[in-house]
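Summary of structural features
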Amino acid sequence: MREIKIVWVTLTLGGNKINNPLPICVAIPVFSILKAKLNAKIAVKRNAQYIEFRLDYYKKITEINSSKLSKLVKSVPVPVILTLKEVNEEIQLKIPEQKTIELIKKCIEAKPSFVDIETHNTKDNLKLIYSIAIKNGVGVIFSYHDFKSTPNEQDLMKMVSKIVKKCPSLENSSLNKSIPRSILKMVFFAQTFQDNKTILNICNKLDDLNINFICFNMGKKGLFSRIFSITKGAIISYAKLEETLHTAPGQISIKRFYYLYKKGEQSASKEIAGF
Ligand SMILES: O=C1C[C@@](O)(C(=O)O)C[C@@H](O)[C@@H]1O
């Protein structure tokens, strides 16, 4: 029975089986520094390989300093990603682009493994952040989010080449794949289960291009690609710590991520597909 399950995953995905631990990043909304540190520690105990601190949830975000940020960075023994979204509808937050850039500079001073910046920022700002980050030994994740839909494969590939041109460092990201300094992250919203297939095909293409990438679907119907993009070359996928701590639609807990990844059988796929 067990063998059948494993064969099913291989046949369905045609990808690589990832051995334990899975490259999961647990995204932690930072409501308070103390709580965020505690939650990050729990996530690491549950086998998180990366921790993302979402600073846009912090009430006094505009006053945050690099000593507080460095407390977050040092709180766990795994690579830390510091980021903030300029618009967070959940808590009605909107930060102007220039302020976001200032805050990301502060994040870099705290020396995380990565900062994560949205690709809709100007090319000059993306270049500026990348050059400061690299001087400080910090990697950059260039993020694109679509919270409504998943474009078709052709449009997605057009989008990839546009973003790669805007963030030129991505073109060279393959030079040192073992120490990624520059990662392309593209996250979409699945309206149908078919959108997962589109995204997994894009993962294959990005892998062929030797780009360090993260790519999956948000939303309930996007669970399949969230879980299995890592078998298609995506270097990280995202989960939450527990129910109340979500930072995006369709996130599941790290425990459930492991459970569904390991289950990998047809019944699981039905569940993942939201049938
Ligand atoms: O980009 C991502 C992925 C994410 O949107 C998710 O769907 O899990 C969660 C965000 O916190 C993170 O920055």
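For the structure given in this document, a descriptive report is provided here.

Rules behind the numbers
- Residues numbered from 1 in each chain as written.
- Predicted model: local features only at pLDDT ≥ 70, side-chain atom pairs only at ≥ 80, totals over all residues.
- Heavy atoms only, no water.
- Disulfide = S-S within 2.5 Å.
- Buried < 20%, exposed > 50% of the residue type's maximum accessible area, 1.4 Å probe, protein only.
- Helix = DSSP H or I, 4+ residues; strand = E, 2+ residues; numbered from the N terminus.
- Polar contact = N/O pair within 3.5 Å; in protein donor to acceptor, adjacent residues only side chain to side chain.
- Contact = heavy atoms within 4.5 Å.
- 1 Å grid on protein atoms, 1.4 Å probe; cavity = no way out; pocket = protein on both sides within 12 Å on 5 of 7 lines; lining within 4 Å.
- Points joined across faces, edges and corners; volume = space filled by probe spheres on them.
- Nonpolar A, V, L, I, M, F, W, Y, C, P; charged D, E, K, R; others polar.
- Near = heavy atom within 4 Å.
- Areas by Shrake-Rupley, 256 points an atom, 1.4 Å probe, with all protein chains shown as cover.
- Sits in = over half its atoms within 2 Å of the grid points.
- Arc of directions from axis to C-beta.

Two cysteines joined by a covalent bond between their sulfur atoms form a disulfide. Inspection of the entire model under this criterion finds zero disulfides. In this model Cys-107 remains outside any disulfide bridge; the closest cysteine sulfur is found in Cys-25, 14 Å from its own. Under the relative-accessibility criterion, Cys-107 is labelled buried at 2%. No disulfide involves Cys-215; its sulfur sits 4.5 Å from that of Cys-203, the nearest cysteine. For Cys-215, a relative accessible area of 0% translates into the label buried.

As a further point, take the side chain of Asn-125. Structurally, Asn-125 is set in helix H5 (residues 123–135). Only 2.9 Å separates the side chain of Asn-125 from the side chain of Glu-97, close enough to count as a polar contact. In contact with Asn-125, not counting residues within four places along its chain, are Glu-97, Gln-98 and Ile-101.

Here the focus is empty space enclosed by the protein. In total, this model carries one cavity of 30 Å³ or more according to the counting rule given. The computed volume of the largest cavity comes to approximately 140 Å³. Counting only elements with at least two residues in the lining of the largest cavity, the list comes to strand S2 (50–54), strand S8 (182–189) and strand S9 (213–218). Looking at the lining of the largest cavity residue by residue, the class counts come to seven nonpolar, three polar and five charged.

Surveying the vicinity of the ligand reveals 13 residues, the closest of which are Glu-52, His-145, Lys-185, Arg-226 and Gln-251. At 2.6 Å from an oxygen atom of the ligand is found a side-chain nitrogen or oxygen belonging to Lys-185. At a separation of 2.8 Å, an oxygen atom of the ligand approaches a polar side-chain atom of Arg-226. Isolated, the ligand exposes 320 Å² of accessible area, and the fraction of that covered by the protein chains is 99%. When atoms are counted within 2 Å of each cavity's grid points, the one that captures over half of the ligand is the largest cavity. Mapped by element, the contributors of at least two residues to the shell around the ligand are S2 and S9. The residue inventory of the shell around the ligand, partitioned by class, reads five nonpolar, three polar and five charged.

Turning to helix H3 (residues 66–74), its buried residues number three or more, namely Leu-69, Ser-70, Leu-72 and Val-73. The buried residues of H3 all sit within an arc of 150° when viewed along its axis, so they share a single face. Each element contacted by the buried residues of H3 is listed here: helix H2 (33–45), S2, strand S3 (80–83) and helix H4 (97–109).

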